[in-house]
Amino acid sequence: MTDTSAVSVSDRPADVAARLRKKRYAADRRLRAYGIGAITVAVGLLGILIATLVLGGYQAFTQTHVRVTFPISTQNVDADDLRGSNWRAVVTEGVENLFPGQSEEVRGLGARILTNNTQFFVRDAVIANPSLVGETLVLEVPASDPYDQLNKGVLDRDLPENRRRLTDEQIAAYDIVEEQGLVSRPFNWALFFNADSRFPEIAGLSGAIVGSFYALMICFVISFPVGIAAAIYLEEFAPRNRYTDIIEVNINNLAAVPSIVFGLLGLAVFLQIFGLPRSAPLVGGMVLSLMTLPTIIIVTRNALKSVPPSIREAALGMGASKHQVIMHHVLPLALPGILTGTIIGLAQALGETAPLLLIGMNSFITSPPGGVMEASTALPTQIFIWADSPERGFVARTSAAILVLLGFLITMNAIAIFLRQRLERTW
Amino acid sequence: MSTTLSARGATDMSGTSAPSTTQAPAHQTVRVPMVDANLPRLKAKDVSVFYGDKQALYDVSIDVPEKAVTSFIGPSGCGKSTFLRCINRMNDTIESCRVLGDITLDDQNLYDSSLDVVELRARIGMVFQKPNPFPKSIFENVAYGPKIHGLARSKTDLEEIVESSLKKAGLFNEVKDRLHSPGTGLSGGQQQRLCIARAIAVGPEVILMDEPCSALDPIATAIIEELIDELRENYTIVIVTHSMQQAARVSQKTAFFHLGKLIEEGPTEGIFTNPRDKKTQDYITGRIG
Ligand SMILES: Nc1ncnc2c1ncn2[C@@H]1O[C@H](COP(=O)(O)OP(=O)(O)OP(=O)(O)O)[C@@H](O)[C@H]1O
Ligand SMILES: [Mg+2]
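Predicted, not measured: the structure shown is a model, and the values here were computed from it. (Residues numbered from 1 in each chain as written. Chains lettered and ligands numbered in written order. Predicted model: local features only at pLDDT ≥ 70, side-chain atom pairs only at ≥ 80, totals over all residues. Heavy atoms only, no water.)

Mind laying out the environment of Arg31(B), listing which residues take part and the relevant values?
All names here are of chain B. With respect to the secondary-structure elements, Arg31 resides in strand β1 (residues 30–31). The exposure class assigned to Arg31 is partly exposed, which follows from its relative accessible area of 33%. The spatial distance from the C-alpha of Arg31 to the C-alpha of Ile62 is 9.1 Å, given a sequence separation of 31 residues. In this structure the side chain of Arg31 is engaged in a polar contact, spanning 2.8 Å, whose partner is the backbone oxygen of Ser61. Polar side-chain contacts of Arg31 include one of 2.5 Å to the side chain of Glu265. (Helix = DSSP H or I, 4+ residues; strand = E, 2+ residues; numbered from the N terminus. Buried < 20%, exposed > 50% of the residue type's maximum accessible area, 1.4 Å probe, protein only. Polar contact = N/O pair within 3.5 Å; in protein donor to acceptor, adjacent residues only side chain to side chain.)

Structure follows, in structure tokens:
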């Protein structure tokens, strides 16, 4: 079988070869340029997103505080009935201390510098330390939103008076306080340790963080064991037939169902049929687990599949039963992959908003939930609520909350990557 | 090929069946009886194997002598591995696979429904083509079998089993200082000996080896071959190999498979010096395969 017409590469004239080579190199370079271009665009967009959030949100990570000296006189405060005492009067006296020798009028304006809830801060401080009755209490009180914005320079003094939220007199009153060196702007821990509030200056994410944590725990507790068991059955035991094919296709479809549909399901089944409480992290977690389940099943199946058959053969050849092969060899080897996939699935669930809106996890709730049955918000729904609030302070807080959520997501994904690199075996 | 035919005397081949170079339509295995071989405890009778509709083995019958090495040779895809895997029922794990016929060990049918596969695989161990230690420590690798079969009553018991198995596999001296480092960190040849130690640890009667040296270099191969020769004293060994030299070196009995049929079986020497069947002849002279 000799083919005389066969042409070998070395027979080509030199100029043809050079031209072909040049074309090939050019194509290589073009492909690489496309790739670099695509990555540049992606990184650029991500950079713009993060930059916008940081620019919009960094202000919310500090909060203007005013140091106020409150006289806790026995005349206003009854040591035996601290809750029922006249805290409003105490606050008024504290405000007087901010404006030594100023007119009644100025003091009236100055009262608004402190947050609306000042009396409760004072009350709680005294309840925590009853020996203060009859003494004075020095407290760093958050400044209310307009003054906070003024201090941060967001509210522009140079605008004409009718176009800003503070009048010239109000600004003057603030300046008196500032000149005494009573104004400070420390890190805003309240953002993490306070629950939601109508007043931006004391609104925080703790309710949302705790709510999200509970919901994710419920989601994990349901979807992790169920997902792994389902994946083990499908991968290791199920016969290949039409029924298992249908199940497989449906699981893959489930992963692609829009999340709002799961929310509707949760509303119809968990709330209306089972009668579970609205806004509860329990229901949120159950709905989220419906979404995480297919992800976990799929990643677990892939992790099980990637365990080399030689390991199964080795164990079977030793006389290990199927159960032993799976529990002693296959599952431990697949675990890093399963954990990684689970964390990524949970991270997706953490960012999921639509289903939580439908089961009412976007209510206004001013204390963190004490358990999974108590009403609560979650991080993404808290962002949703704040984004909807008109106060200037909530604009920055919305960006800050998004940054906090992104921080959690990045942390979870980093843990997943770390686990994968740490535990993954090569053989 | 006429040279091979005329070699050696025919003393060990009392003519049970005349050498037939023409293939009869009904397939007939050429059988040359083994002289002074141990009695066979492992016997296969009319074993046919199907993968789905495709038949991979046709009526294979063979006796495997005890405490000797039997080698299966034949071109790729002829069903050597398939037959080997029938012996410890590893084919059970392949869904489409169906096995007909009888394989008996001590007159007990291995395909009897009352037989426990787990126990069977402890009696008939297997070593695979590619060394496949568990990604665990050397100690754990060897200890795994005794553990799951409950062979060790105490920790010292287990340590003894591990040590003696590693010694029998000729690996102990090389690894005694690092029993708790991963088995996957050994060289290929050491890994294969570790797999042999692992198989020995449960005290099998038969050891099946599917091309145990094909992933190894010549030096490691020589070590394994030597080991197989030593193990023959205590174990019945069946080995699949592509190397005819290896079959000639280590085995006492050889069986030649072709296209799913057992063409010829008999003493190793006889097969290589005086093959009776035309196909065997062609294979060992390098014409097919
Ligand atoms: N799991 C399987 N499913 C379907 N067919 C198979 C399977 N395993 C083996 N076969 C088929 O059975 C026949 C015998 O295969 P087997 O692996 O026993 O050959 P072999 O003699 O061991 O070959 P080699 O020397 O290449 O290992 C082949 O035709 C192969 O295609
Ligand atoms: Mg094979």
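An account of the nonpolar core is needed here, citing residue identities and associated values.
Leu42(B), Phe72(B), Phe83(B), Leu110(B), Ile124(B), Leu208(B) and Phe257(B) are the most contacted members of the largest nonpolar core, which totals 54 residues. Top contributing element to this core by residue count: helix α13 (residues 322–350) of chain A, with seven residues. Setting aside chain neighbours within four positions, we find Ile124(B) in contact with Gly317(A), Ile87(B), Asn88(B), Leu105(B), Leu110(B), Pro204(B), Val206(B) and Leu208(B). By size, the runner-up hydrophobic cluster in this structure holds 45 residues, among which are Phe270(A), Leu282(A), Met291(A) and Ile385(A). (Core = buried A, V, L, I, M, F, W, Y, C linked by side-chain atoms within 4.5 Å. Contact = heavy atoms within 4.5 Å.)

Requested: an account of the pairing of strand β3 (residues 54–65) of chain B, with residues and values cited.
In this sheet, β3(B) lies alongside strand β2 (residues 40–51) of chain B in antiparallel orientation, the contact comprising eight bridges. Paired with Leu42(B) across the strands is Val64(B), a residue of β3(B). (Pairing = 2+ DSSP bridges.)

Could you give an account of the site of ligand 1, naming the residues involved and the relevant values?
Residue and element names in this part refer to chain B. Near ligand 1 lie 13 residues; those nearest to it are Ser76, Lys80, Ser81, Thr82 and His242. In the environment of ligand 1, an oxygen atom lies 2.5 Å from a nitrogen or oxygen atom belonging to the side chain of Ser76. Here Gly79 contributes a backbone N or O atom positioned 3.0 Å from an oxygen atom of ligand 1. Taken by itself ligand 1 offers 620 Å² of open surface, and the protein chains cover 65% of this. Where the shell around ligand 1 is concerned, the elements lending two or more residues are β3 and α2 (80–87). Broken down by element, the residue count for the shell around ligand 1 peaks at three residues, all from α2. For the shell around ligand 1, the class distribution of residues is four nonpolar, six polar and three charged. (Near = heavy atom within 4 Å. Areas by Shrake-Rupley, 256 points an atom, 1.4 Å probe, with all protein chains shown as cover. Nonpolar A, V, L, I, M, F, W, Y, C, P; charged D, E, K, R; others polar.)

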